[in-house]
Amino acid sequence: QVQLVESGGGLVQTGGPLRLSCAASGRTFSIYTMGWFRQAPGKEREFVAAIRWIAATTYYADSVQGRFTISRDNAKNTVYLQMNSLKPEDTAVYFCAAQFGYRSHIDPRAYDYWGQGTQVTVSS
């Protein structure tokens, strides 16, 4: 079992920054990939970014490439999502997720554990 707790969401103006954190506990030694997803009202959950836990290889959705940065602190078992140049269309509930084993980093069905989500609202 892995427990994930997100923090850092809130209200920000267009163009502003925000940093999300996701603290993992439990069987963290089994984590292969950590990902961030988001879900806006009436829309499906979509991939935002992912990082391979050991190699630190990163992946981004085209919509956030160049604006968002995913990173991790292995000692703290924490993954971060630094979001810059935020846009109103970035408004959503953001979830972090953990994956055991090498699988698709984009497909939410390939993740084993999920946090409760944190709301990000970007005002225009």
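Whatever comes next refers back to the structure up there.
All values derive from a computational prediction rather than experimental measurement.

S.K.: Even after reading the chapter, I still don't get the packing of aromatic side chains, so can you show me in this structure?
M.R.: Pairs of aromatic rings are described using the distance from one ring centre to the other and the angle between the two planes. Applying the stated criterion to the full structure yields 7 aromatic pairs. Note on Phe100 and Tyr113: the rings are 5.5 Å apart at their centroids and 55 degrees apart in plane angle, and the pair reads as tilted. With Phe100 in strand E9 (residues 92–100) and Tyr113 in strand E10 (residues 113–114), this pair connects stretches of sequence that are 13 residues apart. Given a relative accessible area of 18%, Tyr113 falls into the buried group.

S.K.: Sorry if this is basic, but what is going on with the side chain of Thr118 here?
M.R.: In this structure, Thr118 sits in strand E11 (residues 118–123). From its side chain, Thr118 meets the backbone nitrogen of Gly9 in a polar contact 3.3 Å long.

S.K.: I'm lost on the pattern of salt bridges in this one. Help?
M.R.: Opposite charge on two side chains permits them to pair, given that their charged atoms come into close proximity. Enumeration over the complete set of coordinates arrives at 5 salt bridges. Here Arg109 and Asp107 are joined by a salt bridge, their closest N and O atoms 3.0 Å apart. Sharing partners across several salt bridges, the network here consists of Arg38, Glu46, Arg67 and Asp90.

S.K.: Where do I start with the side chain of Glu6 in this structure?
M.R.: Among the secondary structure elements, Glu6 is positioned in strand E1 (residues 2–7). Of the side chains with opposite charge, Arg45 lies nearest to the buried Glu6, which makes no salt bridge, at 7.6 Å. For Glu6, the contacting residues outside a window of four places in its chain are Ser21, Cys22, Trp36, Tyr94, Phe95, Cys96, Gly115, Gln116, Gly117 and Thr118.

S.K.: What exactly am I supposed to notice about the pairing of E11 here?
M.R.: Along any regular strand, the residues point their side chains to alternate faces of the sheet. The alternating pattern of E11 places Thr118, Val120 and Val122 on a buried face and Gln119, Thr121 and Ser123 on a face that is not buried. Of the strand pairs in this sheet, strand E2 (residues 10–13) and E11 are connected by 4 bridges, and their pairing is parallel. Looking at the pairing, Gln13 lines up with Ser123 of E11. Sheet analysis places E9 next to E11, joined by 3 bridges and oriented antiparallel. Looking across to E11, one finds that Val93 is bridged to Gln119.

S.K.: What is the right way to look at the sheet that holds E1 in this model?
M.R.: Hydrogen bonding along the main chain pairs the strands of a sheet, whether they run parallel or antiparallel. Pairing is antiparallel in the open sheet, where 4 strands are placed in the order E1-E3-E8-E7. Two strands bound the open sheet, and with one partner strand each, they are E1 and strand E7 (68–73). Across the sheet, the axes of successive neighbouring strands diverge by a mean angle of 15 degrees, strand direction being ignored.

S.K.: Help me out: how do you make sense of unusual backbone geometry in this one?
M.R.: What you tend to see is this: most non-glycine residues have negative phi, and most peptide bonds are trans. Positive phi values are uncommon outside glycine, yet Asn77 reaches one of about 50 degrees. Relative to the helices and strands, Asn77 is located in the loop between E7 and strand E8 (78–83). Although it is not a glycine, Ser85 sits at a positive phi angle of roughly 50 degrees. Here Ser85 shows up in the loop between E8 and E9.

S.K.: Teacher, can you tell me more about the state of the cysteines here?
M.R.: By definition, a disulfide links the sulfur atoms of two cysteines through a covalent bond. Across all of its chains, the model carries 1 disulfide by this definition. With its sulfur 1.9 Å from that of its partner, Cys22 forms a disulfide with Cys96. Sign of the S-S torsion, about 45 degrees for the bond between Cys22 and Cys96, identifies this disulfide as right-handed. With a gap of 74 residues between them, Cys22 in strand E3 (residues 18–26) and Cys96 in strand E9 connect regions that are remote in the sequence.

Rules used throughout
- Residues numbered from 1 in each chain as written.
- Predicted model: local features only at pLDDT ≥ 70, side-chain atom pairs only at ≥ 80, totals over all residues.
- Heavy atoms only, no water.
- Phe/Tyr/Trp six-rings, centres within 6.5 Å; stacked < 30°, edge-to-face > 60°.
- Helix = DSSP H or I, 4+ residues; strand = E, 2+ residues; numbered from the N terminus.
- Buried < 20%, exposed > 50% of the residue type's maximum accessible area, 1.4 Å probe, protein only.
- Polar contact = N/O pair within 3.5 Å; in protein donor to acceptor, adjacent residues only side chain to side chain.
- Salt bridge = Lys/Arg side-chain N within 4 Å of Asp/Glu carboxyl O.
- Lys, Arg positive; Asp, Glu negative; His and termini not counted.
- Contact = heavy atoms within 4.5 Å.
- Pairing = 2+ DSSP bridges.
- Axes fitted to C-alpha atoms, helices over the stretch in contact; angles between N-to-C directions.
- Disulfide = S-S within 2.5 Å.

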